[in-house]
Amino acid sequence: MGIDRRDVIKFIVGGAVGSTLTPIPWKLTDDISIWTQNWPWIPTNIGGKNEYTPTVSKLCPSNSGMLLRTVSGRPVRPQGDPDSPLSGGKISSLAAAEAQMLYSPSRVRRPLRKTSDGTYKAVSWAEAEAILSEKLGNATGGVGVISGDENGSMNEVLSALAAGFGSDDCHFMPGSAQAEAVAYNQLMGGEGQPAYDFEKADYVLAIGADVLESWGPVVATRRAYADMRPHGEDPKSTWVYAGAFQTNTAAGADRFVAMRPGAQVALALGVANLLIKEGASATGLSGFASLAAQYTPEKVAEVAGVSPDALQEIAKGLASAQKPLVVVGAEGNEGGSTAAAIAGIACNMLLGSFKAVPYPRTVVQGAMGRGDMLAKDVASYVAGFKGGKAPEVLITYQANPVYALPGSIKTKEAFENVSFKVCFTTYLSETALASDLILPVPHSLEMVDDVATPYGYGKALYAVARPLVPTLVDAKHPGDFLLGLGAKLGKDLGFASYQKVLEAKARAMGANWADVSRGTVYVSDSQASTYGVRVDADAVAKAAAVVEVADLTLCPVMKLNFGTANCGIPPFNLNTIRGDELDSDYLYAHLNASTAKSKGVAQGDVVRISSAAGTVMAKVNIFEGVMDGVVAIPKNFGHTAFDEFTRGKGDNVSALFAVASEPGTQASVWTGQAVELKRA
């Protein structure tokens, strides 16, 4: 068949009409606009009206209070909110990247379902709802939840929905709050959440807790630190950091005391011993004094590596202070000792500094309280998947357990025992890529959410994050979606929308919804009773007895500018990663010269670091801010998901974490990890 001039004209016209009517080129144009022209890390000038709107960061685990600057409605830059008690006008490096992360190439842009060949296919929200509805409706084998948001009311929706299917398997990802919740709520008979008043403290001893970088409400703590130490004036407070690596807290402290990783309980007991000798006492410490008496300065030096003189000076400083404070945390902010948390609380009881605030009251019927969820052991839960204890449906919410749980659990393999996994996430994480259904969660600047009394803050507090920009992708609010789904499955949770949940939560906290929804942060002086709190000396004694001194011990290091397991590394922050922290494909493992010499390695050598759980590769950086016998490795590298700004940068230090059961408390622990280091 021949083609004449008329046929050619028909082909051209037909093609033009087809291109006009089909959505494909317009969608591609929109994509190009979003992913190239509108990349906020490519500087462009925008004209129009400037506005600054208060909100709270949900991307940063420290929940910075911030003002979002918009120009003509377009988000430009978050900055510290001077009126927020979670900010005081300052902002964290992670919260500062929040506007840019709206446009991250790793955002999940539409619901995705895994196909039989392992690839993903886009589905509509109606199809996604039908799939999840069928799986939940047939879930006779139980429903599990893992949440990465410790401070939000979404946990109530998730746990209430799970309860509707007869399950209380609702867990948080590991963090410092868990060891303290198990210690205080389960083993000490306490109610509420231990609270730390940094604003008034005139002597702060941080034992392993990187309070100025990664532990608790960092920006608020930095503000308290700065307020007590005004430039050009004598400091009104003394800060001491005990740890194995010169963290930002160590750098800002008046004294950095070298302490082996995992030796927190020994140091806290040593401090308690000297305080008791000086006459300190408190009710509920029966039997504790005789345990503490065993931790003489010489014993502490042997176990923790802290010199007797340093211990004496610390105890003297605490005893003479008006508002002393002891804060115990784990290296890398996870896997810490529950016994150490008990010993730290006991120190504050002896000093008269201990107080607790109420956990936020639940408002969704059937929901678990925060304390109950914190008491759940996610490491043991996931490890049990391979032993026949996997749920039939697992819901992960803004959590990345496949990447972040200890290597000894081998989470990705464990997940294969779960029949159906649904991942609610903003970014395409490792856990998303191990799931059967991926449901996009709007960015925190696109949806309403909340922060209720973040761990480590000294008072009860409530703040609301507001939707400040239109949703850029095909995402639905997870709260609205699950409330609607529950109602269709006959599990009505009592609320028509997630905003109604937050309005109820505001009332329960004592806050005015109209105020908090406009960005005002509500703060209350209410405290939880500490009557009847007691120390289980036997549990602490059993845990403290097994602290051993290894030839080489791992010290994981968390810095907010490295991002988190949930969001990867923000492109905005790549320039803040130093040349001695990351070199192309290699992390740097930090050792001091003495330790490096003992291992026969030098600056820049490629080494293999191994534990009972796994192996990572790194280059050696000689740094005298590391204690003898310790290797320090940064967290949140070695991703295999997200985007080119995160993927393929170094190894994941979590691969080295081997979970053990702590004697006395039976809690999972992976601090003080013994490792081997050899030249590769």
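Residues numbered from 1 in each chain as written. Predicted model: local features only at pLDDT ≥ 70, side-chain atom pairs only at ≥ 80, totals over all residues. Heavy atoms only, no water.

The protein chain appears in an unreviewed UniProt entry as Molybdopterin oxidoreductase from Oceanidesulfovibrio indonesiensis. Entered under Sequence similarities (unreviewed entry) in the UniProt record, the comment concerning the protein chain runs "Belongs to the prokaryotic molybdopterin-containing oxidoreductase family." (UniProt positions renumbered as here; feature names shortened; annotations may be inferred.)

Turning to the pattern of salt bridges, a few remarks are in order. Inspection of the entire model under this criterion finds 22 salt bridges. Among the salt bridges present, the one from R229 reaches D254, with a minimum N-O distance of 2.9 Å. A residue pair is termed long-range when its members are at least 10 positions apart, and R229 in the loop between α6 (218-227) and β10 (238-243) and D254 in the loop between α7 (248-252) and β11 (255-258) qualify at 25 residues. Among the salt bridges present, the one from K599 reaches D551, with a minimum N-O distance of 2.3 Å. One end of the pair, K599, is in helix α21 (residues 593-599); the other, D551, is in the loop between α20 (537-544) and β20 (553-557), and 48 residues separate them in sequence. Three or more residues joined by partner-sharing salt bridges are found here, namely K559, R578, D580 and E581. (Salt bridge = Lys/Arg side-chain N within 4 Å of Asp/Glu carboxyl O. Helix = DSSP H or I, 4+ residues; strand = E, 2+ residues; numbered from the N terminus.)

Moving on, we come to the nonpolar core. Ranked by size, the top nonpolar core spans 74 residues in total, and within it L132, F198, V211, F424, L439, Y462 and L482 carry the most contacts. Residues from two domains meet in this core; each of domain 3 (112-172 + 371-494) and domain 4 (196-354) gives at least three. Once residues lying within four places of it in the same chain are set aside, the contact partners of F424 are L132, I395, T396, Y397, Q398, L439, V441, P478, F481 and L482. With 56 residues, the next largest nonpolar core counts V265, L267, V326 and C347 among its residues. (Core = buried A, V, L, I, M, F, W, Y, C linked by side-chain atoms within 4.5 Å. Buried < 20%, exposed > 50% of the residue type's maximum accessible area, 1.4 Å probe, protein only. Domains from an automatic or database assignment. Contact = heavy atoms within 4.5 Å.)

Domain annotation of the protein chain identifies domain 1 (5-36), domain 2 (52-102), domain 3 (112-172 + 371-494), domain 4 (196-354) and domain 5 (550-679). Taking only C-alpha atoms into account, the centre of domain 2 sits 31 Å from that of domain 4. Taken together, the contacts link nine residues of domain 2 with six residues of domain 4. Here domain 2 and domain 4 share an interface that buries about 570 Å² over both sides, 62% of which is from carbon and sulfur atoms. When the buried surface of domain 2 facing domain 4 is broken down by residue, S62, L86 and K90 rank first, second and third, together holding 54% of it. The interface formed by domain 2 and domain 4 contains zero salt bridges. Our enumeration of links across domain 2 and domain 4 arrives at zero residue pairs in polar contact (both at pLDDT 80 or more). The residue inventory of the side of domain 2 that touches domain 4, partitioned by class, reads three nonpolar, five polar and one charged. (Buried area = accessible area lost by both parts, 1.4 Å probe. Polar contact = N/O pair within 3.5 Å; in protein donor to acceptor, adjacent residues only side chain to side chain. Nonpolar A, V, L, I, M, F, W, Y, C, P; charged D, E, K, R; others polar.)

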